[in-house]
Amino acid sequence: MTGPLDGSVALVTGASSGLGRASAAALARAGAHVLVHGRDAGRLAAVAREVGGTPLTGDLADPADAERLAAAALAAAGRVDVLLCNAGVGWSGPFTGMPAGDAARLVAVNLAAPIALTRLLLPGMLEHGGRLVYVTSIAGRLGVAGEAVYSATKAGLDMFAVSLRQELRGSGVGVGVLVPGVVDTPFFERRGEPYTRRRPRPLPADRVAGALVAGIVAGRAEIFAPGWLRLPIAVRGLFPGAYRALDGRFGTRTVALRAGSG
Ligand SMILES: NC(=O)c1ccc[n+]([C@@H]2O[C@H](COP(=O)([O-])OP(=O)(O)OC[C@H]3O[C@@H](n4cnc5c(N)ncnc54)[C@H](OP(=O)(O)O)[C@@H]3O)[C@@H](O)[C@H]2O)c1
């Protein structure tokens, strides 16, 4: 059986859990050989077996590990055609109560590591073509009270992707973002505040991963999961005053949280 990504090599960060794990499986089904990255060696080995991929461990809070990961990926497969920067970590609570170390960790894992990996792997991609894909968040488009640093890292990643896409036009390297709302993964438990709202209902990770891989194959610049997230984003862009008024009226968390805020 042939797939649209036959013969290609994909590196998925944060593939030991949740969306990364589901995306690694979807990329493998599409024909890619998947280099699966994560910290938890046990869970990672299970994913590697599941997708017939190669496990690569590393803690992206440490800048040296991003360098080691890029080198290990090239040593293992000789090239990376698809880089999916998915690893991410959340933190929820009032900003004044956020320890400096947690803020630094979010910036390192969610923003600095994808930039470092891109810097290290893009030169090879420019020689043979490729695709850079970043998992951002609705929080980075709308902002969320209690998630200021998380939202800032995701907004920064989003704009990094937009700028690179402009810079790499015609180069053979495409750039895209996945903008998820709420996805059913351990993300919320791990950040210390479970997702307890009834709506919006979390999307299954497999469904989001399917949309992501379809978007990669089609070369889409933006993939929204669910698609209706475009609506609050457009309202905020077109009518920022009205958006602020709604947000103020219903409480600072409401508008963004109704759209989801992982
Ligand atoms: N779930 C949602 O509702 C939602 C919504 C919007 C955006 N997102 C984004 O989606 C992406 C995937 O999250 P998820 O929902 O699948 O959460 P998850 O199940 O908690 O998975 C997070 C992944 O990131 C990895 N990771 C975390 N810290 C790391 C570090 N310091 N170094 C290396 N890897 C690290 C984890 O590795 P280990 O397991 O090995 O520690 C894990 O594989 C994240 O970027 C998140 O911000 C999620």
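Since the model is a prediction, treat every value here as computed from it, not as a measurement. (Residues numbered from 1 in each chain as written. Predicted model: local features only at pLDDT ≥ 70, side-chain atom pairs only at ≥ 80, totals over all residues. Heavy atoms only, no water.)

Near the ligand there are 34 residues, and of these Ser17, Arg39, Asn86, Tyr150 and Thr185 occur at the shortest range. Gly14 is positioned with one of its backbone polar atoms (N or O) 3.0 Å from an oxygen atom of the ligand. Contact between the ligand and Arg39: an oxygen atom at 2.7 Å from a main-chain N or O atom of the residue. When the ligand sits alone it has 890 Å² of accessible area, and the protein chains cover 98% of it. (Near = heavy atom within 4 Å. Polar contact = N/O pair within 3.5 Å; in protein donor to acceptor, adjacent residues only side chain to side chain. Areas by Shrake-Rupley, 256 points an atom, 1.4 Å probe, with all protein chains shown as cover.)

Right, let's get into the packing of aromatic side chains. According to the stated counting rule, one finds four aromatic pairs in the structure shown. Ring centres of Tyr134 and Phe160 lie 5.7 Å apart, and the angle between their planes is 75 degrees; on these two criteria the pair is classed as edge-to-face. Note that Tyr134 is positioned in strand β5 (residues 130-135) and Phe160 in helix α6 (residues 148-167), a separation of 26 residues in sequence. Of the two residues, Tyr134 and Phe160, neither departs from the other in class, the shared state being buried. (Phe/Tyr/Trp six-rings, centres within 6.5 Å; stacked < 30°, edge-to-face > 60°. Helix = DSSP H or I, 4+ residues; strand = E, 2+ residues; numbered from the N terminus. Buried < 20%, exposed > 50% of the residue type's maximum accessible area, 1.4 Å probe, protein only.)

Quick look at the UniProt feature "domain: Ketoreductase" (unreviewed entry) in the protein now. Summarizing the sequence annotation, UniProt attributes the feature "domain: Ketoreductase" (unreviewed entry) to residues 8-186 in the numbering used throughout. With 51% helix and 19% strand, the stretch residues 8-186 has end C-alpha atoms that lie 29 Å from each other. (UniProt positions renumbered as here; feature names shortened; annotations may be inferred.)

Strands sit in the order β3-β2-β1-β4-β5-β6-β9 across an open sheet of seven strands; the sheet is parallel. Of all strands in the sheet, those bounded by a partner on one side alone are β3 (54-57) and β9 (222-225). Strand-to-strand twist across the sheet, computed as the mean angle between neighbouring axes with direction ignored, equals 15 degrees. In terms of strand pairing, strand β2 (residues 33-38) meets β3 through four bridges, oriented parallel. By the bridge assignment for β3, Val36 is matched with Pro55. (Pairing = 2+ DSSP bridges. Axes fitted to C-alpha atoms, helices over the stretch in contact; angles between N-to-C directions.)

A rise of 1.5 Å per residue sets the reference length of α6, with its 20 residues, at 28 Å; its end C-alpha atoms lie 28 Å apart and thus fit the reference within 8%. When α6 is considered as a whole, its buried residues turn out to be Val149, Tyr150, Ser151, Thr153, Lys154, Leu157, Asp158, Phe160, Ala161 and Leu164. Here the buried face of α6 lies against α4 (100-128), β5, α5 (139-142), β6 (173-180) and α7 (187-191). (Expected span 1.5 Å × (residues − 1). Contact = heavy atoms within 4.5 Å.)

Counting residues in hydrophobic clusters, the biggest one holds 36 residues, and the most contacted among them are Leu11, Val80, Leu83, Leu132 and Tyr134. Among the elements of the structure, β1 (9-12), α3 (63-77), β4 (82-85), α4, β5, α6 and β6 are those that each provide at least two residues to this core. Per-element tally for this core: the top contributor is α4, with six residues. Contact partners of Leu11, with chain neighbours within four places excluded, come to Leu35, His37, Leu56, Leu69, Ala73, Val80, Val82, Leu83, Leu84 and Leu121. If you look at the next biggest cluster of nonpolar residues, it comprises 33 residues, including Leu5, Val47, Ala205 and Ala225. (Core = buried A, V, L, I, M, F, W, Y, C linked by side-chain atoms within 4.5 Å.)

Residues Val9 and Leu11 line one face of β1 and the alternating positions Ala10 and Val12 line the opposite face, and both faces are buried. Alignment of β1 against β2, held across four bridges, turns out to be parallel. Bridge pairing in β2 links Ala10 to Val34. Following the chain from β1 across helix α1 (residues 18-29) to the adjacent parallel β2, one finds a crossover that is right-handed. Pairing of β1 with β4 involves three bridges; the strand directions are parallel. By the bridge assignment, Val12 is partnered in β4 with Leu84. (Right-handed = clockwise from strand over helix to strand, strands pointing away.)

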